Amino acid sequence: MDAIGARWIPTNARFHGALDLMRVRAGIHPGRKVLSLPGITYPWTPETCRDVDNPSMWVLDDLVLVCRGCGINGT
């Protein structure tokens, strides 16, 4: 990952999904991280993410599954 500039960003987020979108917000396991990739900017943080109904994306040769809206690791 270092060779391509990818890195894990720690988060203190407790939920995935904006409060106004969710009846029940999905909890995030403590220690879950956001993946930072060169050339990809996520518009939201995990707790403000508005992309919760869209499929996540596989990155790094299909080894890591991340949310398209916030980059939270879903692997």
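Residues numbered from 1 in each chain as written. Predicted model: local features only at pLDDT ≥ 70, side-chain atom pairs only at ≥ 80, totals over all residues. Heavy atoms only, no water.

Engineer: Break down the environment of Met1 for me, citing the residues and quoting the values.
Structural biologist: Mapped onto the fold, Met1 is located in the segment before strand S1 (7-10). Since its relative accessible area comes to 40%, Met1 is described here as partly exposed. Separated by 35 residues in sequence, Met1 and Ser36 have C-alpha atoms that sit 10 Å apart. Residues in contact with Met1, not counting those within four places in the same chain, are Ala6, Arg7, Trp8, Leu35 and Leu60. (Helix = DSSP H or I, 4+ residues; strand = E, 2+ residues; numbered from the N terminus. Buried < 20%, exposed > 50% of the residue type's maximum accessible area, 1.4 Å probe, protein only. Contact = heavy atoms within 4.5 Å.)

Engineer: Help me get a handle on the state of the cysteines, residues and values and all.
Structural biologist: Per the counting criterion, the structure on display carries 0 disulfides. Cys70 takes part in no disulfide bond, and the closest cysteine sulfur, belonging to Cys67, lies 3.8 Å away. For Cys70, a relative accessible area of 2% gives the class buried. (Disulfide = S-S within 2.5 Å.)

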